[in-house]
Amino acid sequence: MSIVATLSTMPVRDEGSTEEIATAIRTLDNYDVEYKINPLGTTIEASDISELFAAVQAAHQAIEADRVNTKLEIDHERNRDRDADERVATVEDALADNTTDNEEMDETTEPDEERDIVDMSGHAPEDIESEAEEDEINIKGGDYKTDEVDETEEESLSEKYDNS
C-alpha cells in the first residue's frame, strides 16, 4: 500500500464527540483500507486513491451534526510501495544511527570545550557590539530601541495606533 493518510473528522460543538468519531471510524471497515487510531486522528493506508477518498467521504458523512470539521493529509508515494510501518521504521533507523553518532561524538568531545554563544538573531555577542558601535545605535538581541528615544515620552500603544 503506497498511500498513507491522516484523517481527523469530528462534529463542531461543545459537548463530547467520542461516539460520533467512533461511528465515523467504523465506516472505514466497509472499504479496502487499513487504519490505526492515534490521539490526533486516524492513519489510513490504501492502495487505491479512489478507495481512500470514498472511505474518507463515508467517515465525514457518518457524523450527524450541523457542522463537521474534517482534516485530511495524504502522502501518496507513486514510485514505491511502502506502508506506514515501513516509513516509521526508516525514521527509527535514522534515529538509531544518529544516537550512535551522538554517543561516539560525546565520547570524543572535550567536556570543557568552549563553544560560540549565539543569540536569537544569529549573531555572536561580539558581532552585536561591533555592529552597534558602527551604526552608533545600541541594538542587542531582540531590543530595537535606540538611545535617541526617551522612554518617558513614549505614547501608549492605543494612542499610537488609534486612528479615530
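Here, every reference points to the structure presented above.
So, how was this worked out
Residues numbered from 1 in each chain as written. Predicted model: local features only at pLDDT ≥ 70, side-chain atom pairs only at ≥ 80, totals over all residues. Heavy atoms only, no water. Helix = DSSP H or I, 4+ residues; strand = E, 2+ residues; numbered from the N terminus. Contact = heavy atoms within 4.5 Å. Areas by Shrake-Rupley, 256 points an atom, 1.4 Å probe, with all protein chains shown as cover. Buried < 20%, exposed > 50% of the residue type's maximum accessible area, 1.4 Å probe, protein only. Arc of directions from axis to C-beta. Salt bridge = Lys/Arg side-chain N within 4 Å of Asp/Glu carboxyl O. Polar contact = N/O pair within 3.5 Å; in protein donor to acceptor, adjacent residues only side chain to side chain. Pairing = 2+ DSSP bridges.

Participant: Tell me about the overall build of the chain, residues and numbers included.
Facilitator: Tallying secondary structure elements over the chain gives 5 helices and 4 strands in all. When the helices and strands of the chain are read in sequence order from the N terminus, they spell out β-α-β-β-α-β-α-α-α. For the chain, the proportion of contacts with a sequence separation of at least 24, taken over those separated by at least 6, is 60%. Working note: accessible area of the chain is about 12800 Å², and carbon and sulfur atoms make up 45% of it.

Participant: How would you summarise helix H1 (residues 18-27) if you had to cite specific residues and measurements?
Facilitator: Within H1, the full set of buried residues consists of Ala24, Ile25 and Thr27. Projected onto a plane normal to the axis of H1, the buried residues spread over an arc of 155° and lie on a single side. Exposed residues on H1 whose side chains face more than 90 degrees from its buried face are Thr18 and Glu19. Residues of H1 that are buried make contact with strand S1 (3-11), strand S2 (34-38), strand S3 (41-46) and helix H2 (49-62).

Participant: Describe the pattern of salt bridges, naming the residues involved and giving the relevant values.
Facilitator: For the structure shown, the criterion picks out 7 salt bridges. Its salt-bridge partner being glutamate 15, residue arginine 13 comes within 3.4 Å of it at the nearest N-O pair. A relative accessible area of 52% places glutamate 15 in the exposed class. Notably, a salt bridge pairs aspartate 85 with lysine 36, separated by 2.6 Å at the nearest N-O pair. Note that aspartate 85 is positioned in helix H3 (residues 84-108) and lysine 36 in strand S2, a separation of 49 residues in sequence. Under the relative-accessibility criterion, aspartate 85 is labelled partly exposed at 45%. For lysine 36, a relative accessible area of 43% gives the class partly exposed.

Participant: Pulling in residues and values, what's your account of the side chain of threonine 27?
Facilitator: With respect to the element layout, threonine 27 can be found in helix H1. Within polar-contact distance, the side chain of threonine 27 engages the backbone oxygen of alanine 24 at 2.5 Å. Discounting chain neighbours no more than four positions away, the residues touching threonine 27 are Ala58, Ala59 and Ala62.

Participant: Which residues make up the side chain of arginine 87, and what are the values?
Facilitator: Secondary-structure assignment places arginine 87 in helix H3. Taking the relative accessible area as the measure of exposure, arginine 87 reaches 10% and is therefore buried. A distance of 3.3 Å separates a polar atom in the side chain of arginine 87 from the backbone oxygen of arginine 82. What arginine 87 contacts, discounting residues up to four positions off in sequence, is Ser2, Ile3, Val4, Asp75, Glu77 and Arg82.

Participant: Describe the pairing of S3, naming the residues involved and giving the relevant values.
Facilitator: Of all 6 residues that make up S3, 5 are buried, and the element is covered over most of its length. Sheet topology note: the S1/S3 ladder contains 5 bridges and is antiparallel. Pairing of threonine 6 across the sheet is with threonine 43, part of S3. Turn length for the S2-S3 hairpin, with the two strands adjacent in sequence and antiparallel, is 2 residues.

Participant: An account of the environment of threonine 70 is needed here, citing residue identities and associated values.
Facilitator: Here threonine 70 is to be found in strand S4 (residues 68-76). Among the residues examined, threonine 70 registers a relative accessible area of 29% and is labelled partly exposed. The spatial distance from the C-alpha of threonine 70 to the C-alpha of methionine 10 is 6.5 Å, given a sequence separation of 60 residues. With near-sequence residues (within four places) excluded, threonine 70 lies in contact with Leu7, Ser8, Thr9 and His60. One polar contact links threonine 70 to threonine 9, side chain to side chain, over a distance of 2.6 Å.

On their own, these measurements won't tell you what the molecule is for.
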